[in-house]
Amino acid sequence: DAGVIQSPRHEVTEMGQEVTLRCKPISGHDYLFWYRQTMMRGLELLIYFNNNVPIDDSGMPEDRFSAKMPNASFSTLKIQPSEPRDSAVYFCASTLGGWGDTQYFGPGTRLTVL
Amino acid sequence: GDSVTQMEGPVTLSEEAFLTINCTYTATGYPSLFWYVQYPGEGLQLLLKATKADDKGSNKGFEATYRKETTSFHLEKGSVQVSDSAVYFCAHPNSGGSNYKLTFGKGTLLTVNP
């Protein structure tokens, strides 16, 4: 299996622009997670989906962030408008399901907002 | 609530030194426990896990034993290599309704010098 795929790997944009990050989970995995990692705050869970349905979005920082999962093989995380404090590495992860299952992480998207 | 406390870093060792990274957790019940590793520029990947009390997880020379009496899951390796330089995260699944969320520690940066 190819593992979790994320694109782009790097994104540089200017403040105020819309940013869309993409994720393809491992085939057959029922859960998909979006995380953000910064030096200051560490690893934060933003939102997760089960069978394409958002289950917990309590970690989404504000209304500028939105996430969708239109089908089992694709998810997006959108930031609009972007701000410099959104600069971080964003990870997508997926798991087969069940309490305590291993989460498989993608390589991440490094976002820089100027 | 759920929490994971792991040793503050950074940790710097010489090659072939002994490694311990402490991890303690707070949770309801006896969840699975995980150690994830993040190599530079990559996403997190599972290093090892233990699913019940007294279990020992092991991989790549690393070991950790699930101690319910001390609510600990310390990571050890007898002889580290330069290639072990990475950030190590201890984690466990949430005890509450959102069982599919993982609670991560803040991460411990390990640098191994030749």
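Keep in mind that this is a model prediction, so the values were computed, not measured.

**Student:** I'd like a description of the nonpolar core, backed by residues and values.
**Tutor:** Formed by 25 residues in total, the largest nonpolar core has its most connected members in Leu-19, Trp-35, Leu-47, Leu-48, Phe-73, Leu-75 and Tyr-88 of chain B. For this core, the elements supplying multiple residues, two or more each, are β2 (11-14), β3 (19-21), β4 (23-26), β5 (33-38), β6 (44-50), β8 (62-65), β10 (86-93) and β12 (108-113) of chain B. If near-sequence neighbours (up to four positions away) are discounted, Leu-48 of chain B is found in contact with Leu-33, Phe-34, Trp-35, Gly-57, Ser-58, Asn-59, Phe-62, Glu-63, Ala-64, Phe-73 and Leu-75 of chain B. Core analysis: the second largest hydrophobic core is formed by 21 residues, Ile-26, Met-60, Ile-79 and Val-113 of chain A among them.

**Student:** Now, about the interface of chain A and chain B: what can you tell me, with residues and values included?
**Tutor:** Taken together, the 21 residues of chain A in the interface contact 21 residues of chain B. Summing both sides of the interface, chain A and chain B together bury roughly 1,700 Å²; the carbon and sulfur share of this comes to 57%. Seen at the junction of chain A and chain B, the total is one salt bridge. Across the pair Asp-56 of chain A and Lys-101 of chain B runs a salt bridge, and its minimum N-O distance is 3.1 Å. If you list the elements that add at least two residues to the side of chain A that touches chain B, you get β4 (31-38) and β5 (42-50) of chain A. Take the side of chain A that touches chain B: its biggest share by element is four residues, from β4 of chain A. Looking at side-chain class alone, the side of chain A that touches chain B contains 10 nonpolar, eight polar and three charged residues.

**Student:** Provide a residue-level description of the packing of aromatic side chains, including the pertinent values.
**Tutor:** Within the structure shown, the criterion is met by 13 aromatic pairs over all chains. Both rings, one in Phe-33 of chain A and one in Tyr-48 of chain A, keep their centres 5.2 Å apart while their planes meet at 20°; by these two values the pair is stacked. Placement of the pair is Phe-33 of chain A in strand β4 and Tyr-48 of chain A in strand β5, with a sequence separation of 15 residues. Judged on exposure class, the residue Phe-33 of chain A and its partner Tyr-48 of chain A are both buried. Ring geometry for Phe-62 of chain B against Tyr-88 of chain B: centres 5.6 Å apart, planes inclined by 40°, an arrangement best described as tilted. Remark: Tyr-88 of chain B occurs in strand β10 and Phe-62 of chain B occurs in strand β8; sequence separation between them is 26 residues. We note that Phe-62 of chain B, like Tyr-88 of chain B, is buried.

Basis of the calculations
- Residues numbered from 1 in each chain as written.
- Chains lettered and ligands numbered in written order.
- Predicted model: local features only at pLDDT ≥ 70, side-chain atom pairs only at ≥ 80, totals over all residues.
- Heavy atoms only, no water.
- Core = buried A, V, L, I, M, F, W, Y, C linked by side-chain atoms within 4.5 Å.
- Buried < 20%, exposed > 50% of the residue type's maximum accessible area, 1.4 Å probe, protein only.
- Helix = DSSP H or I, 4+ residues; strand = E, 2+ residues; numbered from the N terminus.
- Contact = heavy atoms within 4.5 Å.
- Buried area = accessible area lost by both parts, 1.4 Å probe.
- Salt bridge = Lys/Arg side-chain N within 4 Å of Asp/Glu carboxyl O.
- Nonpolar A, V, L, I, M, F, W, Y, C, P; charged D, E, K, R; others polar.
- Phe/Tyr/Trp six-rings, centres within 6.5 Å; stacked < 30°, edge-to-face > 60°.

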